[in-house]
Amino acid sequence: MPNRILRDWTDIENVNNLSAEAEVLLVRILMKLDVKGKLISNPRVIRAYCFPLKKIPENKITKWIQELTDNDLIHYNSDGKTISINRTNIFRQRLCSSKWRIIVKQVFERDNYTCSYCGQYGGKLECDHIIPFSKGGTDELENLTTACKSCNQTKKDMYLEDFLKLKSTK
Ligand SMILES: [Zn+2]
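Residues numbered from 1 in each chain as written. Predicted model: local features only at pLDDT ≥ 70, side-chain atom pairs only at ≥ 80, totals over all residues.

Participant: How would you sum up the environment of N17? Please name residues and give values.
Facilitator: Within the element layout of this structure, N17 appears in the loop between α1 (13–16) and α2 (20–32). Through-space distance from the C-alpha of N17 to that of D70 is 9.8 Å; in sequence the pair is 53 residues apart. (Helix = DSSP H or I, 4+ residues; strand = E, 2+ residues; numbered from the N terminus.)

Printed below as a string of structure tokens:
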């Protein structure tokens, strides 16, 4: 599923409870979900999709799927034919807008309403993830900085080094 960022699940109990094989299946299911986030639930189909190059007995697939449902990582959809991922355990969530607004204000105040990249004071300011969110950057204050609209739109999801390099060649 595009635009979905996997969260670090190494410290999530549901995933930790899984056998290594069930966790491999979970990863492969993620790769095979369709644009609506669904995958046919028939174990034979799952085997064909997820392990095209391996000969795995169907009953093992069934067992691993059971592990994933028991641990609340996937569920059967109401259509009775497909499974989907339980998102909150698997994907990183963006902060809700009210929390985000509070953080943004803190960042602007800390940075004295000045763009960290070009020094513009005031005007249209945005809050930039120094390590981009899409590349695993967090919403912690240390990873956030004030950027003018123009700098932020140029930086997009670039790493800081790449953005600075691009800026210096302009
Ligand atoms: Zn700027």
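Participant: Tell me about the domain arrangement of the protein, residues and numbers included.
Facilitator: Parsing the protein into structural domains produces domain 1 (13–90) and domain 2 (97–169). In this structure, domain 1 and domain 2 have C-alpha centres spaced 38 Å apart. (Domains from an automatic or database assignment.)

Participant: Go over the sheet that holds strand β3 (residues 82–85) with me, naming the residues and quoting the values.
Facilitator: Taken in spatial order, the three strands make up an open sheet running β1-β3-β2, and their pairing is antiparallel. Looking along the sheet, the strands with just one partner apiece sit at the ends: β1 (38–40) and β2 (74–76). On average, adjacent strands in this sheet sit at an angle of 35° to one another, irrespective of strand direction. In the sheet, β2 pairs with β3 via three bridges, with the strands oriented antiparallel. The residue of β3 that forms the bridge with H75 is S84. (Pairing = 2+ DSSP bridges. Axes fitted to C-alpha atoms, helices over the stretch in contact; angles between N-to-C directions.)

Participant: Please provide a residue-by-residue account of α2, values included.
Facilitator: Taking 1.5 Å per residue as the helical rise, α2 with its 13 residues ought to reach 18 Å, and the 19 Å between its terminal C-alpha atoms agrees with that figure. The set of residues buried in α2 consists of A22, L25, L26 and I29. The buried residues of α2 occupy an angular sector of 105° when projected down its axis, which confines them to one face. Among the exposed residues of α2, those pointing more than 90 degrees away from its buried face are A20, V27 and M31. Considering only its buried residues, α2 is in contact with β1, α3 (43–50), α4 (58–70) and β2. (Expected span 1.5 Å × (residues − 1). Buried ≥ 20, exposed ≤ 12 C-beta atoms within 10 Å, placed from the backbone. Arc of directions from axis to C-beta. Contact = placed C-beta atoms within 7 Å.)

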